[in-house]
Amino acid sequence: MTPAERCLLVGAMCVWLAVAFKNQVQSKEGNSGQNGLITKMFSEMMHEMKDLKAELKTVQEENKGLKAELNTVETEIKRDPMPTFVGGISQETEPKLEDLLPAWTHINFKRLNITENNCRRKSYKAMELAELQLGQTASQGLGSQGAEPVIYASGKQTTCPSDKIKLQRFADGKVYEQCCPSDSFACSGCVQLQGSTCQTCESGYTKSSSSNGAQCVACQDALGWEDRDGKTCLDYEKQNWCAAGAPTATGQRSHGNTLELFFHKGLSPTAACCACGGGSRIAAPFLYPTADKPVALGQDISVSPFPRTTAEYSVQECFIHEYSMKMEGSTGKVTGKVEKEPGDFACKVTSHEAGGLKIESDLTLSVVYFAYPAKVLLVKPGASWTPAKKNGYGNFRVKCTPDLPWLSINANSGVLTASNTAGLSPRSASCSVTAKIQECKTDSSGAKTCADVDHSTQVQILVPKQTETLVLVNQREPTKMVHQMLLRVEEEVAPYKLVVSLDAKEMKLYDTPQSFRFDCGADTAFNALTGTLMYKGYDVFTVSSQAEINGVPGADLMRFCINNAARCQLTLQCKAYGILPFTGKLIKASFEVIIQDSVCWRYDSTTYQISDATDGPTQQASCQQWCRNKADCAGFVWQSNKCHAVRNVGKVMPTAVGEGFCTGATQVYGSAAWALSGSSRVRKDFDSADYAAWQFKAAQDCLQRDSQTTFVSVQFAEPGTNVPFKAHMLP
């Protein structure tokens, strides 16, 4: 007996007891009527059991239906090949009435998924059921046990000194890290360094030929550009037709020494592609790492832009010379020793790049009497911090809100120390450190007076709470882990999100990633400037600062999808990396991304007109792709190893307004909507003004010949039947 059946049996017993009690209370027959009462109760119990068994059967049928729908989803994902077309169809054949209602057997026709019966959109119920099954297994034991290890190419995470920038490259399922001198032109936009030269630029940057600026410059190719041969900007870079912002000798030879004149879509490669010197350039961002690091009075300062992007920097109303400091205009480097009274100082610094590009950044200095390494001190058990200060300070004291019982201070040196125990609580506090120093003044008469005075500085204390876990969820089921992200071109991405916990309360306790990186294979790139994942130069999705994945995958992605599936799809194996704040620690999640076509293919057999064979496609799969990408191709046949576009015969499809297939019979069928223009845009054709005008005039002409005629315009037929999906009947 199943759990559900046992539950229903218990429920039936409860009903029986309730009925028995009610009848016993209401019975006035006494002991003499006991047998009749029992018989009545048994009869009512059996009646209730019968109803509950019927309900169980209904539930089981619904469960069976859901399982069948799930099996359909899984079968479609396997991408079974479709049958090939056999034999041609003569366009001379006189169409029969049933020819107007396609039988869907052999010719391959392009369909929007929302109008098909056997190739329609997967229901969200089935998709969520599939994700639910995956999530039930994957979510078990999450926490530290559910964490995916981050694999570093060097075997461990790299730590860079304060005067160097960490470069990170995410590829082959590994993280490659290097340290780059912050004043080097090689650092900006670079992910792979060899000596003092950048070997590989980050996505969103391109190599520059400039000898007096960043080796990688921020640039974006013209969206969707391709040349007349279908080659994209990525192809121009991979084929070495362009490099470092200019055409190469190889590129010029391959284009007859006229690459600059190779126009398509109004642009040449040298105008559209960053690698060729075109694209949309922007100034690369930079910053001064002083905003969160206070400077002690009298302390030496040496700070440079992170990273260095140019050889020209300028300022406006920036009087740092009054603080005994100076700036180098060619490097942006600031040096000196602050001798003025403590306080905050800020001004704007502008970098100037080639082509008139420029961008501003804040130079901020916070001068205090004595300074700890940062304004926010990150705590781990046993950590300590020593202040930078002049000689003579003593009697250090610390007070915090809220009170931190685990934090102590050395009264002589001012060293702050966290106790060497786990579970430091509270996690954060605002603290003031005060110390005494003797200060002397000389009056106008030359008399010197000295006194002990207190000076203070403020710091924020924080214990990072960082998880090892990063998981993908569908926000419709936020407590279930997802291993497969389902996308469809030309449709909004479902509400996926990267989270650090499947428990909403627990998630609030952890630090969330401040940025993300993706590694989805050799043909993909992730632009950290825009948060966009691309496949062969085309956008797949974008991840927001709130870790939400959104966007609309473009139909151009399907030009790389070549197979015989009823619905073509691309599959990417992705690793998402979250970069945690304060520490820069990496956490990782792995999942599969499936990008499905919005068009599916169905098979038809009736009278069609076959076009001349097209050059290019060498197999049925590439023929299907050719038709998919051609706006005016509604269907194709692969015949004698040749690719042909097809459309309906003219006799079936009246072309002129007023012409109609009118026989004077009691019922007349008009043209199927998809045959009207040969386009794949089914609904648009059916709702067009031209079709409406033809339909009305043809109906009127038929009615004038035979007033008993019923004019029917059929949109689709159920596969294998003569039953229309939708019909417009005119009286």
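Residues numbered from 1 in each chain as written. Predicted model: local features only at pLDDT ≥ 70, side-chain atom pairs only at ≥ 80, totals over all residues. Heavy atoms only, no water.

Enquirer: Hey, could you run me through the overall build of the chain in this one?
Expert: The helix and strand tally for the chain stands at ten helices and 42 strands. The buried share among the 731 residues of the chain stands at 43%. Of all intrachain contacts in the chain linking residues separated by at least 6 positions in sequence, the fraction that spans at least 24 positions is 63%. Total accessible area computed for the chain in this model is approximately 37,300 Å², and 50% of it derives from carbon and sulfur atoms. (Helix = DSSP H or I, 4+ residues; strand = E, 2+ residues; numbered from the N terminus. Buried < 20%, exposed > 50% of the residue type's maximum accessible area, 1.4 Å probe, protein only. Contact = heavy atoms within 4.5 Å. Areas by Shrake-Rupley, 256 points an atom, 1.4 Å probe, with all protein chains shown as cover.)

Enquirer: In this structure, what is going on with the state of the cysteines? I would like to understand it.
Expert: Summed over all chains, the structure comprises 13 disulfides. The partner cysteine of Cys160 in its disulfide is Cys179, sulfur to sulfur 2.0 Å. Residues Cys160 and Cys179 share a disulfide whose torsion about the S-S bond is about -90 degrees; that sign makes it left-handed. Within this pair, whereas Cys160 is found in the loop between α3 (124-138) and β2 (164-171), its partner Cys179 is found in strand β3 (residues 174-181), the two being separated by 19 residues in sequence. (Disulfide = S-S within 2.5 Å.)

Enquirer: How do you make sense of the nonpolar core when you look at a structure like this?
Expert: With 40 residues, the main nonpolar core has Tyr496, Leu498, Phe518, Phe541 and Ile595 as its most contacted residues. Put simply, the parts of the chain that give this core at least two residues each are β27 (484-488), β28 (496-499), β29 (515-519), β31 (532-535), β32 (538-543), β34 (569-579) and β35 (586-596). Looking at which element gives the most residues to this core, the answer is β35, with six residues. Core analysis: the second largest hydrophobic core is formed by 23 residues, Trp406, Ala418, Ile437 and Ile461 among them. (Core = buried A, V, L, I, M, F, W, Y, C linked by side-chain atoms within 4.5 Å.)

Enquirer: When you look at the sheet that holds strand β23 (residues 428-442) in this model, what are you seeing that I'm missing?
Expert: Pairing between the strands of a sheet comes from backbone hydrogen bonds, and it takes one of two forms, parallel or antiparallel. The strand order β18-β24-β23-β20 describes an open sheet built from four strands, whose pairing is mixed. Unpaired on one side and paired on the other, β18 (376-378) and β20 (394-401) mark the two borders of the sheet. For this sheet, the mean inter-axis angle between neighbouring strands, taken without regard to orientation, is 35 degrees. (Pairing = 2+ DSSP bridges. Axes fitted to C-alpha atoms, helices over the stretch in contact; angles between N-to-C directions.)

Enquirer: Mind showing me how you'd approach the packing of aromatic side chains here?
Expert: Aromatic rings in a pair are described by how distant their centres are and how their planes are angled relative to each other. Applying the stated rule across the entire model yields 13 aromatic pairs. For the pair Phe286 and Tyr313, a centre-to-centre distance of 5.9 Å together with 80 degrees between the ring planes defines the contact as edge-to-face. Of this pair, Phe286 sits in the loop between β10 (280-281) and β11 (295-296) while Tyr313 is found in strand β13 (residues 313-316), placing the two residues 27 residues apart along the sequence. The burial state of Phe286 is the same as that of Tyr313; both residues are buried. With centroids separated by 5.1 Å and ring planes inclined at 50 degrees, the aromatic side chains of Phe518 and Phe526 adopt a geometry described as tilted. We classify Phe518 as buried; its relative accessible area is 6%. Residue placement shows Arg169 over the ring face of Tyr176; its charged tip is 4.2 Å from the ring centre. (Phe/Tyr/Trp six-rings, centres within 6.5 Å; stacked < 30°, edge-to-face > 60°. Lys NZ or Arg CZ within 6 Å of the ring centre and 35° of its normal.)

Enquirer: Where do I start with the pattern of salt bridges in this structure?
Expert: Note on pairing: side chains with opposite charge can pair once their charged atoms come close. On inspection of all chains with the given rule, the structure shows eleven salt bridges. Between Glu177 and Lys166 there is a salt bridge whose closest N-O contact spans 3.7 Å. With Glu177 in strand β3 and Lys166 in strand β2, the pair connects residues that are eleven residues apart, well separated along the chain. We classify Lys166 as partly exposed; its relative accessible area is 30%. Overlapping salt bridges bring together Arg397, Lys436 and Asp454 as one network. (Salt bridge = Lys/Arg side-chain N within 4 Å of Asp/Glu carboxyl O.)

Enquirer: Help me out: how do you make sense of the sheet that holds strand β16 (residues 343-352) in this one?
Expert: Strand order in the open sheet formed by four strands is β11-β17-β16-β13, and the pairing between neighbours is mixed. Across the chains shown, the open sheet's two edge strands, defined by having one partner strand only, are β11 and β13. Taken together, the ten bridges between β16 and strand β17 (residues 358-368) define a ladder with antiparallel strand orientation. Bridge pairing links Cys347 to Leu363 in β17.

Enquirer: Help me understand the environment of Thr250, please; the structure alone is not making it clear to me.
Expert: Among the secondary structure elements, Thr250 is positioned in helix α5 (residues 249-254). Sequence spacing of Thr250 and Gln239 is eleven residues, and the spatial spacing of their C-alpha atoms is 8.7 Å. Residues within four places of Thr250 in sequence aside, it is in contact with Gln239, Asn240 and Trp241.

Enquirer: Just checking my understanding: could you explain unusual backbone geometry for this structure?
Expert: Most of the time, phi is negative for any residue but glycine, and the peptide bond is trans. Residue Pro307 is reached from Phe306 by a cis peptide bond, and omega for that bond is -15 degrees. Relative to the elements of secondary structure, Pro307 occurs in the loop between β12 (300-303) and β13. For the bond running from Ser425 to Pro426, omega is 0 degrees, close enough to zero to count as cis. You can see Pro426 is positioned in the loop between β22 (416-418) and β23. One non-glycine residue, Ser324, lies in the positive phi region at around 65 degrees. Take Ser324: it is sitting in the loop between β13 and β14 (325-327).

Enquirer: Help me out: how do you make sense of the side chain of Ser188 in this one?
Expert: Examined against the element boundaries, Ser188 turns out to sit in the loop between β3 and β4 (190-194). In this structure Ser188 comes out as buried when scored by relative accessible area, which is 1%. When sequence neighbours within four positions are dropped, the list of residues in contact with Ser188 reads Tyr205, Ala214, Cys216, Ala284, Pro307, Arg308 and Thr309.

Enquirer: What is the right way to read the side chain of Ser351 from this model?
Expert: Note on placement: Ser351 falls in strand β16. The class of Ser351 is buried, set by a relative accessible area of 0%. Apart from the residues within four sequence positions on either side, Ser351 is in contact with Phe286, Thr309, Thr310, Glu312, Tyr313, Leu357, Lys358 and Ile359.

Enquirer: Just checking my understanding: could you explain the confidence of the model for the chain for this structure?
Expert: The predicted structure's coordinates, where accompanied by low pLDDT, should not be read in detail. Per-residue confidence for the chain gives a mean pLDDT of 75; residues scoring 70 or more make up 66%. Predicted confidence for residues 649-661 stays below pLDDT 50, and this span has 33 contacts to residues more than four positions away or in other chains. Low pLDDT (under 50) marks residues 714-731, which in the prediction has 63 contacts with non-local residues, meaning those over four places away or in another chain. (pLDDT = per-residue confidence, 0-100.)

Enquirer: Quick question: what am I supposed to make of the environment of Leu193 here?
Expert: Relative to the helices and strands, Leu193 resides in strand β4. Sequence separation between Leu193 and Cys179 is 14 residues, and the spatial gap between their C-alpha atoms is 8.7 Å. Contacts of Leu193, omitting those with residues within four sequence positions, involve Leu167, Gln178, Cys179, Cys180, Ala186, Cys198 and Gln199.

Enquirer: Sorry, what's going on with the environment of Ser425 here?
Expert: With respect to the helices, strands and loops of the structure, Ser425 is situated in the loop between β22 and β23. Expressed as a C-alpha distance, the spacing of Ser425 and Val463, which sit 38 residues apart in the sequence, is 8.3 Å. Once residues lying within four places of it in the same chain are set aside, the contact partners of Ser425 are Pro405 and Trp406.

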